[in-house]
Amino acid sequence: MKDAQPQAIYLADYQVPDFLIDKTELLFQLDPEQTRVATTLRMRRNPKSEASDAPLILNGQDMLLEQVTLNGRVLSGDEYSADDQYLTIHQPGDDFVLETVVVINPAANTSLEGLYKSRTMFCTQCEAEGFRKITYYLDRPDVLSEFVTRIEADKSEFPVLLSNGNRIDAGELEQGRHFAVWHDPFRKPAYLFALVAGTLSVVEDTFTTCSGRQVDLKIFVEEKDLDKCDHAMMSLKNSMRWDEEVYGREYDLDIFMIVAVDDFNMGAMENKGLNIFNTSCVLAKPETTTDAGFQRVEGVVAHEYFHNWSGNRVTCRDWFQLSLKEGFTVFRDAEFSADMNSATVKRVEDVSLLRTMQFAEDGGPMAHPVRPPSFIEISNFYTLTIYEKGAEVVRMIHTLLGQKTFRKGSDLYFDRHDGEAATIEDFVAAMEQASGRDLTQFKLWYSQAGTPELHVSDSYDEAAQQYRLVIEQRCPDTPEASAEEKLPMHIPVAIGLLGDAGNLAIHLQGALPDTETPDNTHRVLELTEARQEFVFNQLPEKPVPALLRGFSAPVKLHYDYSRDELMRLMSAEDDGFCRWDAAQQLAVEVIYDAMQAWRDHQEFVVDARLVQAYRSVLSDKSLDKAMVSLMLQLPSEAYLSELADSIDVEAIHFGRREVRRQIAEALKFELSEAYAENNPETVYKASAEQIAQRSLKNVCLSYLLLLDESIGINLAQQQFSQANNMTDTIAALHGLLGADPHKAQDLADQALANFYQRWQQEALVVNQWLMAQAICSLPDGVARVEKLMSHEAFDLKNPNKVRSLIGAFCNNNAINFHIESGEGYRFLADQIITLNKLNPQIAARLVTPLTKWRKYDAARQQLMKNELERIRSTEELSKDVFEVVTKSL
């Protein structure tokens, strides 16, 4: 008989915990297969609970219970009950000490939640509900406790013993074992607990805080990786200084530690004082790490450090409030990265991810508000909506209030809720009090799912020199509500008005001039109604509106720009985002022309305006090279798919490729010149200037590889053999793999063999080797990936390997994954069914490509649906996979 279907948990059912834990004392006697965990909890009834005689119910799973003691007395079997999810103490009393002893098997824990073995080390991952796999506990974020942790282990195998807080004791034990005791004085929920034990080397530094305290900084890695920590350490120190200067937040412990772990479900985890990182988010050096990798390390180190205040000192009351800590912290780390590098480039990169991936999530069966009303498995809600859209919601508050008032509101939030588990209402209330503004309507961003769509029309009265903008908003149907049920949102729409000679002064009827811009050429319109009209006076000419400057709101914008108007925005608009977006819109229209020609078997000639626009961008030496690189990149296949109501896989792929090929032919000289100009022989630096140069150079190379002659292939071969950094090496490898196989197959095969031979001992580099082959768009993609799964470099139990091969193929190789035979779908379903037993979190995340089945043609819909139904019929389907699959069907 099958297990009962998993049940949903609802925000509306939240109740305060019946009990509180004042102090948690843990003793770990580490052993790979039989770790003994003795837990002492000093507990009391919660005075805010209405259940004055409730039993104590603790979460716990995958463990053997050896003993339960209450106030020093061993309990008999009829005084408690235990099953595979809970330990219940029937009559605990009002103020008591509970002790439990359990045995767990870290070596068998392939879910990578709780305490597990990653190769030769022990480590933990407790967010969201992993602590219940370590010991019986009130495993919920609104139960905060002081922690004291004692770790005992074999000294020769595990010489380094780490946990949260400050180390207060250490010493030798009998039989070659030793111990360490850690004390975290700041109360925290169980999800922030961490433990690491292993043979680790350390890179050390110090940081002096704004009040003059010295903090020890330590990054623990395997000895072979000691030379890859400098960038992470520099990023950490920069983050600490930035948070003091921008938010007034000082670090609070005597030590801050990072540990790099190869087997990890997430990017990193902000455990108090002991951050555990996926190796991909902390290790970096030029020979093994791309520019994107360097920037990812900087961003993730900052993100996890910023959590010390926005997540740890002030945590979330329940998991429905997850975006309270994640959305706010993503906003903070994005602003940090913008300050460290190019603000416009960072904004464009973030918006590109949002519009391609999060908008698709908003339009799919797993669509949910930034604060979801329910879930079956919380791990499924570590989503782009919670993180990226949540950050955009915080950004909108920042836009509406301004920098100074937003800082005042964040100070009030931190001061008011320090040491507490807070809610989204608490955060917004602090912003309201600081600003004196009513944000009631704005809070709909937290409760309504879907991406709002803005339809904009305009008119100009030449005699009155008056310009009118009419903006209508509508939020489409989502699983929880129809469009008709949804209320108008409060949307900040930042605009400029572009005239023949540049941006025009804005005189909004009924409003004071915007004091934020001295020349009054920028204005944030506040859209609060379903239809709203804005009137602008004193305009001597009809302007081209620059709408949604800086992407001021996460919405879809519809305005009927002519191609000539898009050209004007690309060349003359002040806002960098709008210039890039105009280039994207123009390119989308041209690609649509190519797609239609491909369907009709007609000859296609690329619009000369797009070629001229790109020629102008390439020849304008005043432009930031990073922006030139971004503007030259056509919209991705994934973004074109997101825009489509019905996805035409082949037309998108071949239409886009033909536009790229014709641009390459038309701009052969300019692209070759730009490649040469940006290919200096210099010592590598992960600086904004050099990153921009390499980005532009490799975009030019990607175009030149499409030419009939071998100029691109020759450049790629030369670059592959001579590059002094991984950015250029991997770009050349991608180029050779995707080039015409009649000309480059032997070169590509040799490059793959040479690459693996050189880097086979570097796991993160091998992951890039796997990914390069997974996303290659040449035919027979499924067979290539299946063959690589049996390669010695691949391990299905390692999430990084799974993401690099299976995830990359299914999410970034549409032409092969969506092959008409359906073999791509069968392949993915097979892997999900296998991973369901090994690692349900990773399995559930892999389902995403199949959830979009309704957007494809009838034949593909049926094939994808069949595989979803096959997954659903699997015995012992995890909650993680069950929720995604059932909602998709």
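Residues numbered from 1 in each chain as written. Predicted model: local features only at pLDDT ≥ 70, side-chain atom pairs only at ≥ 80, totals over all residues. Heavy atoms only, no water.

1. Digging into the sheet that holds strand β18 (residues 214-221)
Adjacent strands of a sheet form backbone hydrogen bonds with each other and so pair up, either parallel or antiparallel. Under the convention used in this document: Any two strands with at least two DSSP bridges between them are considered paired. Where helices and strands are cited, they refer to DSSP runs of H or I of at least four residues and of E of at least two residues respectively, numbered from the N terminus.
Spatially, the five strands line up as an open sheet ordered β17-β18-β19-β21-β20, and their pairing is mixed. Every interior strand has two partners, whereas the edge strands, β17 (201-208) and β20 (268-269), have only one. Strand direction decides the pairing type here: β18 and strand β19 (residues 255-261), joined by five bridges, are parallel. Bridging across to β19, Ile219 finds its partner in Ile258.

2. Quick word on the sheet that holds strand β5 (residues 64-70)
Reading across from one edge, β6-β5-β9-β3-β2-β12-β15-β14 is the order of the eight strands in this open sheet, with mixed pairing throughout. Only two strands of the sheet have a single partner each, and these edge strands are β6 (73-74) and β14 (166-172). The sheet contact formed by strand β3 (residues 35-45) and strand β9 (residues 95-104) spans ten bridges and is antiparallel. Across the sheet, the residue bridging to Met43 is Phe96, located in β9.

3. Structural notes on the pairing of β14
With six bridges connecting them, β14 and strand β15 (residues 177-188) associate as antiparallel partners. Within β15, the position partnered with Ala170 by the bridge is Ala180. Linking two consecutive strands that pair antiparallel, namely β14 and β15, is a turn of four residues; a positive phi of about 60° is found at Gln175 within it.

4. Details of the pairing of β3
In this sheet, β3 lies alongside strand β2 (residues 19-29) in antiparallel orientation, the contact comprising ten bridges. Across the sheet, residue Gln29 finds its bridge partner in β3, namely Arg36. Between β2 and β3, which follow one another and run antiparallel, lie five residues.

5. Quick word on the nonpolar core
The condition is simple: Among buried residues, those of type Ala, Val, Leu, Ile, Met, Phe, Trp, Tyr and Cys that are joined through side-chain atoms within 4.5 Å constitute a nonpolar core. Relative accessibility decides the category of a residue: with a 1.4 Å probe and only protein chains considered, values under 20% of the type maximum give buried, values over 50% give exposed, and everything between is partly exposed.
Ranked by internal contacts, the top residues of the largest apolar core, which has 287 residues, are Phe427, Phe536 and Val659. Considering every element that reaches this core, the biggest residue donor is helix α10 (residues 576-599), with 13 residues.

6. Some points on unusual backbone geometry
Here the bond from Glu127 into Ala128 is cis, since omega is 5°, no more than 30 degrees from zero. Its place among the elements puts Ala128 in the loop between β11 (121-125) and β12 (145-154). If you check the backbone angles, Gln175 has positive phi at about 60° while not being a glycine. A positive phi angle, near 65°, is found at Leu548, a position not held by glycine. Inspection of the secondary structure puts Leu548 in the loop between β31 (544-547) and β32 (556-558). Judged by its relative accessible area of 3%, Leu548 is buried.

7. Some remarks on the packing of aromatic side chains
As a reminder of what qualifies: Only Phe, Tyr and Trp rings are paired, with Trp represented by its six-membered ring, and only when their centres lie within 6.5 Å; those with planes under 30 degrees apart are stacked, over 60 edge-to-face, the remainder tilted.
All told, the structure shown has 40 aromatic pairs when counted by the stated rule. Residues Phe256 and Tyr305 carry aromatic rings whose centres are separated by 5.6 Å and whose planes lie at 65° to one another, so their mutual orientation is edge-to-face. Residue Phe256 is located in strand β19, and its partner Tyr305 is located in helix α2 (residues 291-306); the two are separated by 49 residues in the primary sequence. Ring geometry for Phe359 against Phe551: centres 6.5 Å apart, planes inclined by 40°, an arrangement best described as tilted. Taken together, the residues Phe359 in helix α4 (residues 343-362) and Phe551 in the loop between β31 and β32 connect sequence positions 192 residues apart.

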